[in-house]
Amino acid sequence: MSFHDPELHSRGESRFVDDLQIPEGTLHAAVVTSSLSHGILEELSTAKAEAAPGVRAVLTAVDIPGMNQIGTIIMDEPLLASNEVSFIGEPLAVVIADTPALAHQAAELVRPQIRKLQSITDPREAFARGMLIAPPVTFCIGDLDKSWEACDLIVKGRADSGGQEHLYLETQATLAIPMENGSLRLHSGTQGPTYVQRIAARVLGIPMNMVEVDVTRLGGAFGGKEDQATPWAVIAALGAYVTGRPVKLVLDRGEDMRLTGKRHPYSSDYRLGLSSEGRLLVWEVTYYQNGGAASDLSTAILERTLFHTTNAYAIPSVSATGICCRTHLPPNTAFRGFGGPQAMFVLECALRKAADELGMTAEEIQALNLLRTGDIFPYGMEYKGDEVERSWLRLDELHDLKAVRKSNEQFNLSGGIYRRGMAVMPVCFGISFTNTSLNQASALVHVYTDGSIGVSTGAVEMGQGVNAKMAAVAARVFGVDITRVKVETTNTTRTANTSPTAASSAADMNGNAVRIACGNILNRLLQVAGTHFGLGDPNHLELRSESIVRNGAATDLGWEVLVNTAYLERVNLSSHVHYSTPGIHFNRDTNQGVPFAYHVAGAALTEVTLDRLRGTYTVDAVRIVHDCGDSIAPLIDRGQIEGGLLQGIGWMTIEDLKYDTASRALLTDSLATYKVPDIYSTPADVEVEFLECHSENAGVFNSKAVGEPPFMYGIGAYFALLDALGSDDAERRRNEPMTAPMTAERLLGILIREKRKDS
Amino acid sequence: MLSFILNRDFLSVEYPMGSPVLDLLRMDPDLKGTRRGCGEGDCGACTVLLGERTGSLIRYRAVNSCILPAGELAGRHLLTIEGLNRSAGLTAVQSHIVDQSASQCGFCTPGIVVSLTAYLMGTLKPKAEEAVRALGGNICRCTGYSSLGRAAENLCASIPESPSSDPCSIEHLRHLVNSGVLPDWLPEVAKALPDHSQEVPTAAASDELIVAGGTDLMAAEPDAMNGIPVRFLSRDPSLAAISLDNGICSIGAAATVSDLMLSQAAVAVDGLEEALHLISSKQIRNRATVGGNIVNASPIGDVSVIFLVFDTMLSISGRFGTREVPLREFHTGYKEMDLLPGEMIRKLSLVTPVSNAGFSFEKVSMRKHLDIASVNSAALISAVNGTVVNASISAGGVAPIPLHLARTSDMLEGMSISSETAIAASRSAMDEVSPIDDVRGSAAYKRNLLGRLVLAHFLKLFPRSIDPERLLT
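Rules used throughout
- Residues numbered from 1 in each chain as written.
- Chains lettered and ligands numbered in written order.
- Predicted model: local features only at pLDDT ≥ 70, side-chain atom pairs only at ≥ 80, totals over all residues.
- Heavy atoms only, no water.
- Core = buried A, V, L, I, M, F, W, Y, C linked by side-chain atoms within 4.5 Å.
- Buried < 20%, exposed > 50% of the residue type's maximum accessible area, 1.4 Å probe, protein only.
- Helix = DSSP H or I, 4+ residues; strand = E, 2+ residues; numbered from the N terminus.
- Pairing = 2+ DSSP bridges.
- Lys, Arg positive; Asp, Glu negative; His and termini not counted.
- Salt bridge = Lys/Arg side-chain N within 4 Å of Asp/Glu carboxyl O.
- Contact = heavy atoms within 4.5 Å.
- Domains from an automatic or database assignment.
- Buried area = accessible area lost by both parts, 1.4 Å probe.
- Polar contact = N/O pair within 3.5 Å; in protein donor to acceptor, adjacent residues only side chain to side chain.
- Nonpolar A, V, L, I, M, F, W, Y, C, P; charged D, E, K, R; others polar.
- Phe/Tyr/Trp six-rings, centres within 6.5 Å; stacked < 30°, edge-to-face > 60°.
- Lys NZ or Arg CZ within 6 Å of the ring centre and 35° of its normal.
- Axes fitted to C-alpha atoms, helices over the stretch in contact; angles between N-to-C directions.
- Parallel < 35°, antiparallel > 145°, perpendicular 65-115°, else oblique.
- Left-handed = near helix turned anticlockwise from the far one by under 90°.

### Things to note about the nonpolar core
All names here are of chain A.
- Counting residues in each nonpolar core, the largest one holds 217 residues, and the members touching the most others are Trp 283, Tyr 287 and Phe 478.
- With 13 residues, helix 15 (residues 506-532) is the single largest residue contributor to this core.
- In this structure, Ile 70, Ala 176, Ala 200 and Val 234 belong to the second largest nonpolar core, which totals 42 residues.

### A word on the sheet that holds strand 6 (residues 111-116) of chain A
All names here are of chain A.
- Read from one edge to the other, the open sheet built from 3 strands follows the order 4-2-6, with strand pairing classed as antiparallel. The open sheet has two edge strands with one neighbour each: strand 4 (84-85) and strand 6.
- Of the strand pairs in this sheet, strand 2 (residues 39-45) and strand 4 are connected by 2 bridges, and their pairing is antiparallel. By the bridge assignment, Ile 40 is partnered in strand 4 with Glu 84.

### Some words on the side chain of B:Lys32
- One can find B:Lys32 in the loop between helix 1 (21-26) and strand 3 (47-54).
- Buried and unpaired, B:Lys32 has no salt bridge, with A:Asp19 as the nearest side chain of opposite charge at 5.9 Å.
- Residues in contact with B:Lys32, not counting those within four places in the same chain, are A:Gly12, A:Arg15, A:Asp18, A:Asp19, B:Arg26 and B:Glu82.

### Structural notes on unusual backbone geometry
All names here are of chain A.
- Cis geometry is found at the peptide bond from Ala 740 to Pro 741, where omega equals 5°.
- Looking at where Pro 741 falls in the secondary structure, it is placed in the loop between strand 30 (738-739) and helix 20 (744-758).
- In this model, Phe 338 sits at a positive phi of 50°, which is unusual for a non-glycine residue.
- On the secondary structure map, Phe 338 appears in the loop between strand 15 (317-326) and helix 10 (340-358).
- The class of Phe 338 is buried, set by a relative accessible area of 13%.

### A word on the pairing of strand 17 (residues 387-396) of chain B
All names here are of chain B.
- With 7 of 10 residues buried, strand 17 is to be regarded as a mostly interior element.
- Where strand 16 (residues 375-384) lies against strand 17, 9 bridges are found, and the strand directions are antiparallel. Within the sheet, the bridge partner assigned to Ala 378 lies in strand 17 and is Ser 394.
- Counting the residues between successive antiparallel strands, the hairpin from strand 16 to strand 17 contains 2 residues, one of them, Asn 385, with a positive phi of roughly 50°.
- Here strand 17 hands over to strand 18 (residues 403-404) after 6 residues, with Gly 397 in that stretch at a positive phi of 85°.

### Some details on the domain arrangement of chain A
Residues and elements named next belong to chain A.
- Looking at chain A, the domain boundaries give domain 1 (5-118 + 166-259), domain 2 (266-434 + 589-758) and domain 3 (440-580).
- Each of domain 1 and domain 3 has a C-alpha centre, and these two points are 37 Å apart.
- Between domain 1 and domain 3, the contact holds 19 residues from the first and 16 residues from the second.
- Carbon and sulfur atoms supply 51% of the area buried between domain 1 and domain 3, which totals about 1400 Å² over both sides.
- In this assembly, domain 1 and domain 3 are joined by 1 salt bridge.
- When the shortest N-O distance is used, the salt bridge between Asp 214 and Arg 494 registers 3.8 Å.
- Between domain 1 and domain 3 we count 8 residue pairs in polar contact (both at pLDDT 80 or more) in total.
- Counting only elements with at least two residues in the side of domain 1 that touches domain 3, the list comes to helix 6 (193-204) and strand 11 (211-215).
- Across the side of domain 1 that touches domain 3, the residue classes tally to 7 nonpolar, 7 polar and 5 charged.

### What about the pattern of salt bridges?
- Per the counting criterion, the structure on display carries 67 salt bridges over all chains.
- Taking the shortest distance from any N to any O, the salt bridge between A:Glu363 and A:Arg405 comes out at 2.7 Å. One end of the pair, A:Glu363, is in helix 11 (residues 362-368); the other, A:Arg405, is in helix 13 (residues 401-413), and 42 residues separate them in sequence.
- When the shortest N-O distance is used, the salt bridge between A:Arg612 and B:Glu469 registers 2.9 Å. You can see A:Arg612 sitting in the loop between strand 27 (598-611) and strand 28 (616-626) and its partner B:Glu469 sitting in helix 20 (residues 468-472), one on each of two chains.

### Some details on the interface of chain A and chain B
- In this assembly, 72 residues from chain A lie in contact with 70 residues from chain B.
- On the chain A side of the contact with chain B, A:Arg11, A:Leu169 and A:Ile679 bury the most area, a combined 13% of that side's loss.
- Along the contact surface separating chain A from chain B lie 11 salt bridges.
- When the shortest N-O distance is used, the salt bridge between A:Asp18 and B:Arg26 registers 3.3 Å.
- For the pair chain A and chain B, the number of links is 34 residue pairs in polar contact (both at pLDDT 80 or more).
- Looking at the side of chain A that touches chain B, the elements with two or more residues in it are helix 1 (5-10), helix 17 (634-652) and helix 20 of chain A.
- In terms of residue count, the dominant contributor to the side of chain A that touches chain B is helix 17 of chain A (9 residues).
- Each residue belonging to the side of chain A that touches chain B can be placed in one class, and the counts come to 26 nonpolar, 23 polar and 23 charged.

### Notes on the packing of aromatic side chains
Residue and element names in this part refer to chain A.
- Considering all chains together, one arrives at 21 aromatic pairs over all chains under this definition.
- Ring geometry for Phe 377 and Tyr 383: centres 5.9 Å apart, planes at 85°, overall edge-to-face.
- The class of Tyr 383 is buried, set by a relative accessible area of 1%.
- A centroid spacing of 5.2 Å and a plane angle of 55° characterise the contact between Phe 478 and Trp 559, whose relative ring orientation is tilted. On the criterion of sequence distance, the pair formed by Phe 478 in helix 14 (residues 466-478) and Trp 559 in helix 16 (residues 559-568) is long-range, its members being 81 residues apart. Across this residue pair, the class does not change: Phe 478 and Trp 559 are buried.
- Here the aromatic cluster, defined as three or more aromatic residues joined through ring pairs, consists of Phe 139, Phe 307, Phe 377, Tyr 379, Tyr 383, Phe 586 and Phe 596.
- Above the ring of Trp 651, the side-chain terminus of Arg 263 is found at 5.1 Å from the ring centroid.
- Positioned above the aromatic ring of Phe 411, the side-chain terminus of Arg 420 is 3.9 Å from the ring centre.

### Some words on the packing of helix 18 (residues 419-432) of chain B against helix 19 (residues 443-461) of chain B
Residue and element names in this part refer to chain B.
- The geometry of helix 18 relative to helix 19 is characterised by a closest axis approach of 8 Å and an angle of 150° between their N-to-C directions. Classified by the interaxial angle, the pair formed by helix 18 and helix 19 is roughly antiparallel. Considering how the two elements wind past one another, helix 18 and helix 19 form a crossing that is right-handed. Together, Thr 421, Ala 422, Ile 423, Ala 425, Ser 426, Ala 429 and Met 430 of helix 18 and Arg 447, Asn 448, Leu 450, Gly 451, Arg 452, Val 454, Leu 455 and Phe 458 of helix 19 make up the contact between the two elements.
- Of the residues assigned to the contact of helix 18 with helix 19, the class counts are 9 nonpolar, 4 polar and 2 charged.

### Here's the deal with the environment of B:Lys32
- By relative accessible area, which is 10% here, B:Lys32 ends up buried.
- With 48 residues separating them along the chain, B:Lys32 and B:Thr80 place their C-alpha atoms 9.7 Å apart.

### Thoughts on the packing of helix 15 of chain A against helix 16 of chain A
All names here are of chain A.
- In the contact formed by helix 15 and helix 16, the axes pass within 10 Å of each other and the chain directions differ by 90°. Taken together, the axes of helix 15 and helix 16 lie roughly perpendicular to each other. Only Trp 559, Leu 562, Val 563, Thr 565 and Ala 566 of helix 16 make contact with helix 15, whose side of the interface consists of Leu 525, Val 528 and Ala 529.
- Grouping the amino acids of the contact of helix 15 with helix 16 by side-chain chemistry returns 7 nonpolar, 1 polar and no charged.

### A look at the side chain of A:Asp160
Residue and element names in this part refer to chain A.
- By the secondary structure assignment, Asp 160 is in strand 8 (residues 153-161).
- The exposure class assigned to Asp 160 is buried, which follows from its relative accessible area of 16%.
- Sequence-distant contacts of Asp 160, defined by excluding residues within four places in its chain, comprise Tyr 266, Ser 267, Phe 345, Met 738, Thr 739 and Ala 740.

Right, dumping it as structure tokens:
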């Protein structure tokens, strides 16, 4: 029996929420939402919908038995609006009917009367009007005044990066099943089972122990199901609670795109001071984050922006301010990188500008300022690794960055309509939740009497391969074949109070919990084996290749016999272990501390060819050197790097969210209008080399987290295009507003504006 | 009653003819591997194989089940991921995907397996780059496709060349059974399919909805076929015939884009096959028809824009007989056309270009493939001794209809082939159009882009006479 996810996936046998066999009598929910971006809900008439065929209930805010509140960090988001509506797509009512079609038809009959109010969707405008989700936060280090005086060059400017639709292939989905005595079981596609449990309990006014959340796997999430799986799960739970029948809610693609938040767009102002030789001396930046209508995770995301304001560079004086702006858009939310990519984009913009002013290449400035061991981050933590510099040097050694630039220059002399460009993108990303209390995980491991093993953790499988990693850890500790290990669903009754699977840290923390739990059972088994061999202490015994090894020599005591013997001797074959990341702390009064267990680093060289005639391009190659520590699953980690990269390229190039200028409705609300990278978009040449591991890390078996950092290699695509655009004229590059994504329309606009200027 | 073969089983069910096959499949608890990702043919998670027998040949093609009306199943073979699965272990396609860890969240994976299997069923000698192209209609948000590329490469290397001479032969199916691609029961089941060429097309009824590929209709108005009689043009093989005779090319209006790509017509016009590759995805090209794209009347329709430059004639038939209308006069306004109720386009006729004529198609969209153009344009220019004898340029996305740029085309006649001429044509084209702002770009962008695409036609067709630097300054 194989529990290997990819085999099930390839046979179409893995089960997502919408694939689960539904219990008899299951009802279906459809959500009625606001079609205005800001207003006062004056009336919500449900009578027509209630009378529609097949309708069992129409629920509004007044039907909520507990609190109408789903906020996690800040309590500012109702489940169903009852007074003010603050974004298009905000849930107002829920129709529960016999079929999804009947529910949707009836939902059309609910007619909300909303008095229109002025809506603000630009974060700078929101800031000017004092519409903030939280007070601004500033990270500060060094003597700024002195540093500015010491500068030979100061560049300043503005940089804007756009939002991004998650476009997980499986849309938001939950099946809520009433159990006895008012309890509920929720099969939810969530990264945060405990979030769903807590908020469902809060909204229903029942204790958490009456809500069981079970997650088999997610069809992609990327942060979009960390906080934002919750409303849909709770709506289904509410429907089940009120009707006493199972209720299923699966958003269709258009709903999912319109109703849920995205990566935060940022608009930023920066000032960078350098010495004449290109050394970075001082960095001042203000990030205006477009938070949307409710806080969601925005403040935490903004904080991670501040943590990554200097990315992989050492800058002695820094003042970075983050402003979380409230706007009338769906609440923006977590997305791979969690604010880090937005920060890194701004600094790279400044570096390009400085390089042009100094007559240096971007790589020269970058290389000169890379973080070295012992450098201090703006939040006071010392950089303990050396991988930032080593990955850059290795990339240079493999690909000779100067030679690439030279060969591009040569090509561009006679490239016709084509121009080549390049960019190197170094990344240094902190691993741990910056909210220190979230850095805890747990595992429950059972060894059954036949020798098979069940592993439960708080980690949710969403394509990142965490289940395969958990199985590998268990098999490695026990010295048994991996096919003996089944990784169970993530379930709040087996692993309680879980942190969401996020911040790239699930394999690290849950893996360490699995390692320790398996170790506990192993020690008991070795005691049993010691007794079996008449030894007082089992120190010379090991379990390898499914047998006890004594003083390095195999014995005939195999895994299955050993386990059964232990059972008959009434030895505990289960272990529950809680793990918390050691040594991390952060003081929010001073914004100083050691928030991260460690940093992940790497560098990527991106090469593009620009078609100056059509304003189109190809990303020809991305060559990456990445720090995975000692990878416990190299193929999985490589997949994370390649996948993160292409998502990052998408964010920087073709993924463009468009809104109606008058109504602020999302125009790009389908796959026909919002384009994510396809197989033709992937660079012809993606090379990945794992950096040799020299360090001791906090990850399991010295491996490192891999989920988010590679996303930021994609930023190189923007700057490689900028490089190609500037190949004829650095002036062009200097004057162009730094706005991502670099769409074909924007590219041609730049090319044609330039043409006009010439003539 | 709808009768067809679903995987191994003959099936007769009561099911609305116009409802999507995906919904039919997903009602069955054992057939959950075909997934709903977008519901409009833009992600490929619901890809299935549709098989059809004509004489001794059985053709299987990948299609999106979310926009496939159930009525199209009648008498055909519907093969889902579950039908491809072996009772134990993995097929060759599956094992290469697993070996490369080319499946992450797994939601899209069954569709990818089906698409790659369909590719192998349609080719005698697998090539990695073609296999990758076959995945153009499958969106994966996790892998970045690199591992899928490696899997496709290894897969193609592992499948020996087919001993058969036709990919639609039973022999080829047997070869794929032996190669571990298909289940061993498949050739026998396929042989049991009714002969499609023996089908008797039903007579036209006045109140029926005529459906060609339905790829746009099902995406835009999923309920359009609810409760009304529907006539599927795919039931009449004569409507899909493509012939080339004495330089006259005749294309049945119900020929799919894939049919056209595989036809002699594609061979007769240099560059046509590559142009057709830019239309949508494999799954949609397998359903979308030439006539359907013209009647859809989208101002950005790729087929219309391509055939406008060939001075194509449409044969339109209706209650009062058949009449001929030039394609250039067919579209009369936004989504308006010279077509009376009950009439339909039966075929397109065009004269294949003379040897000194060059064809070019340009399309720029947000994403290069499986996307609707911001602007597309075709050109057919013949030149003798450096002088334009005849020119025809078309453009989409810049007017309420797919536009033949008559003024620009006429102006070019007699002009010398030069950068200056290209620039003059480009300026003329920009003056001739009236684009609007929409989600595909601003009016200014579309006008500029058209100008650039006209330049690109000249550079592509006459590289020796055109100076790229001159075009850009």
